[in-house]
Number of protein chains: 2
Amino acid sequence: MKKANTPSRRRGDLMSPACPSRDVLKHLTSRWGILAVVALQGGSTLRFGELRRAIGGVSERMLAHTLQLLEGDGMVERIAHPVVPPHVEYRLTPLGREAATRLRGLAEWIEGSLPRFQKVWKEQGSADRLAR
Amino acid sequence: MKKANTPSRRRGDLMSPACPSRDVLKHLTSRWGILAVVALQGGSTLRFGELRRAIGGVSERMLAHTLQLLEGDGMVERIAHPVVPPHVEYRLTPLGREAATRLRGLAEWIEGSLPRFQKVWKEQGSADRLAR
DNA sequence: CGGTATCCCAAAGGATACTG
DNA sequence: CAGTATCCTTTGGGATACCG
C-alpha cells in the first residue's frame, strides 16, 4: 500500500502539542540546558566540577539533572573513570555538537545584542511592568 | 581616563549569574517563547488568534504573557487597531528577526533530527529512567 | 569528587469566567 | 476578538544532608 506518509517517524513538528520533538526543545531550553551545551562546546571534555564552575549559579543537583537529560537525548556522553576519588568527564556527542552550533549562535547573539536590549529596556518602562 | 573597559554595557556574559542577558535567554526559552518567535518568522504579521492556532497547545493566558515578554524585550511589536471587535496584530521587530534566524535554525534542526533522537531513546531505556 | 535523597518553595503554567 | 482576573495545580529548581 501507499507509503506516501510515514506519520510517526519522519520528522518532528514543534507546533504540534504532542510531538516528541517538544521534549528535546524542553530539555535544551531548561534553565541550564543551553548553558551546559554551550559550556561543552569546543570538543573539550570537562569534569563535573569544571562544568559547574563554568556555568555560574548552577547547583550540583540541577547540573547533574540537566546532564542526565542531555545524556538521555544522546547529546552528552558521560565518561566515568573508576577511581577514587571519582573522576567523571562529560563531552558532547556528534548530535550534541550539532545542537551546540545552533545554541552557540544563539548565545553569542544574545550576548552581543545586550546593549540593544538594555536600550529597549531603558526607553520603555518594560522593566517596571513585567517581571524580568 | 582609561576607557579600556566599560564593564556594564559592553556585552553580555551568559555564564555570569547576574548578567541581564540571562533574562533575554529566559524569555526566549520560556515554554512558548521560541515557538512564538518561530511562528512569527517570515515577516508576516499575525493576529492573536492566528498565532494561537499556529502554536499548538498554548493557552490564551500564556500566549498573551509570552508576547508581552517579547514585546518588553523589543523583539515583538504589537499593533492594535481601535475597532470593535478588537483587531490586534503582532510582528517581529528587526531585533526579533535576528533572534528568529537563530531560533528557526534550532527549531528546524530539532524537527529534522527527531528520527535520530527517537533512535537514541529506543536504544537506551532513557525514557524509563528520566521524566520526558 | 561527584553525585543522591529529601524536603520545600516560588514560580510557571492551565482552566475557567468575565469584559471592553 | 483579544485579552484580564482569579484560582488552582504542577513542577522546576534551591538548600541541605548524606554516600560510594
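1. Focus on the overall build of chain A
Helices and strands together make up the secondary structure of chain A, namely six helices and three strands. When each of the 132 residues of chain A is scored for burial, the buried share is 43%. Total accessible area on chain A is roughly 7300 Å²; 52% of this is exposed by carbon and sulfur atoms.

2. Some words on the protein's contact with DNA strand C
DNA strand C sits among 19 residues. The nearest are Arg78 and Tyr90 of chain A together with Arg31, Arg61 and Pro86 of chain B. Restricting the count to atoms of DNA strand C within 4 Å of the protein gives a sugar and phosphate share of 62%. One of the side-chain N or O atoms of Gln68 of chain A is found 2.6 Å from a phosphate oxygen in DNA strand C. Between DNA strand C and Trp32 of chain B there is a distance of 3.4 Å, counted from a phosphate oxygen to a side-chain nitrogen or oxygen. Counting residues per element, the surface near DNA strand C draws most heavily on helix 4 (residues 60–72) of chain A, which supplies four residues. Among the residues making up the surface near DNA strand C, the classes are represented as nine nonpolar, three polar and seven charged.

3. Structural notes on the protein's contact with DNA strand D
Around DNA strand D there are 19 residues in total, and Arg31 and Arg61 of chain A together with Glu60, Arg78 and Tyr90 of chain B lie nearest to it. Atoms of DNA strand D within 4 Å of the protein: sugar and phosphate make up 60%, bases the balance. The contact in question runs from a phosphate oxygen of DNA strand D to an N or O atom on the side chain of Tyr90 of chain B, over 2.6 Å. Breaking the surface near DNA strand D down by element, the ones donating at least two residues are helix 4 of chain A together with helix 3 (48–54), helix 4 (60–72) and strand 3 (87–92) of chain B. At four residues, the largest contribution of residues to the surface near DNA strand D is made by helix 4 of chain B. Here the residues of the surface near DNA strand D sort into nine nonpolar, three polar and seven charged.

4. Topic: unusual backbone geometry
A cis geometry characterises the amide bond from Val84 of chain A onward to Pro85 of chain A, with omega recorded as 5°. You can see Pro85 of chain A is positioned in the loop between strand 2 (76–81) and strand 3 (87–92).

5. A word on the environment of Val24 of chain A
Positionally, Val24 of chain A belongs in helix 1 (residues 21–28). Sequence separation between Val24 of chain A and Asp73 of chain A is 49 residues, and the spatial gap between their C-alpha atoms is 7.2 Å.

6. Section: the pattern of salt bridges
Residue and element names in this part refer to chain A. In total, this model carries 10 salt bridges over all chains according to the counting rule given. Arg91 is the partner of Glu77 in a salt bridge, and the nearest nitrogen-oxygen pair spans 3.9 Å. Taken together, the residues Glu77 in strand 2 and Arg91 in strand 3 connect sequence positions 14 residues apart. A relative accessible area of 34% places Glu77 in the partly exposed class. According to the relative accessible area criterion, Arg91 is partly exposed, its value standing at 37%.

7. Topic: the interface of chain B and chain A
With 61 residues of chain B at the interface, the matching set in chain A holds 61 residues. Summed over both sides, the interface of chain B with chain A buries roughly 5300 Å², with 65% coming from carbon and sulfur. Inspection of the region where chain B meets chain A yields four salt bridges. Between Glu98 of chain B and Arg116 of chain A there is a salt bridge; the shortest N-O distance is 2.6 Å. The tally of links between chain B and chain A comes to 18 residue pairs in polar contact (both at pLDDT 80 or more). Elements represented by at least two residues in the side of chain B that touches chain A include exactly helix 1 (21–28), helix 2 (33–40), helix 4 and helix 5 (94–123) of chain B. Counting residues per element, the side of chain B that touches chain A draws most heavily on helix 5 of chain B, which supplies 20 residues. Looking at the side of chain B that touches chain A, its residues break down into 31 nonpolar, 15 polar and 15 charged.

8. Considering the relation of the copies chain B and chain A
Mapping chain B onto chain A calls for a screw motion: a turn of 180° about the axis and a shift of 0.0 Å along it, with 0.0 Å RMSD after fitting. Taken together, the rotation and translation relating the two chain copies correspond to the operation of a two-fold axis. Across chain B, the smallest distance between a C-alpha and the rotation axis is recorded for Thr29 of chain B, namely 2.6 Å. Looking at chain B, 100% of its interface residues are interface residues in chain A too, so the copies touch through the same face.

Definitions and cut-offs
- Within every chain, residues take consecutive numbers counted from 1 along the sequence as written.
- Going through the entries in the order they are written, you letter the chains from A and number the ligands from 1.
- Given that this is a predicted model, residues contribute local features only at a pLDDT of at least 70 and side-chain atom pairs are listed and counted only at 80 or more, while totals for whole chains, interfaces and linings are drawn from all residues.
- Only heavy atoms go into the side-chain values, all of them from the structure, while hydrogens and water stay out.
- Secondary structure counts use DSSP, requiring at least four H or I residues in a row for a helix and at least two E residues in a row for a strand, with both numbered from the N terminus.
- Accessibility here uses a 1.4 Å probe with only protein chains present; expressed as a share of the type maximum, an area under 20% marks a residue as buried, one over 50% as exposed, and anything in between as partly exposed.
- We get accessible surface area from the Shrake-Rupley algorithm with a probe of 1.4 Å; when it comes to residues, only the shown protein chains can shield them.
- Neighbouring residues are identified by heavy atoms, a residue being near a molecule or strand if any of them is within 4 Å of it.
- Two N or O atoms form a polar contact when they lie within 3.5 Å of each other; inside protein one atom must be a possible hydrogen donor and the other a possible acceptor, and for residues adjacent in sequence the pair counts only when both atoms belong to side chains.
- Lys, Arg, Asp and Glu make up the charged group, whereas Ala, Val, Leu, Ile, Met, Phe, Trp, Tyr, Cys and Pro make up the nonpolar group; the residues left over, Gly among them, are polar.
- A pairing counts as a salt bridge when a side-chain nitrogen of Lys or Arg comes within 4 Å of a carboxyl oxygen of Asp or Glu.
- By the convention used here, residues are in contact when the closest approach between their heavy atoms is within 4.5 Å.
- For any pair of parts, buried area is found by adding up, for both, the accessible area (1.4 Å probe) each one loses once the two are put together.
- Copies overlap after least-squares fitting; the atoms used are the C-alpha atoms of residues with pLDDT of at least 70 in both.

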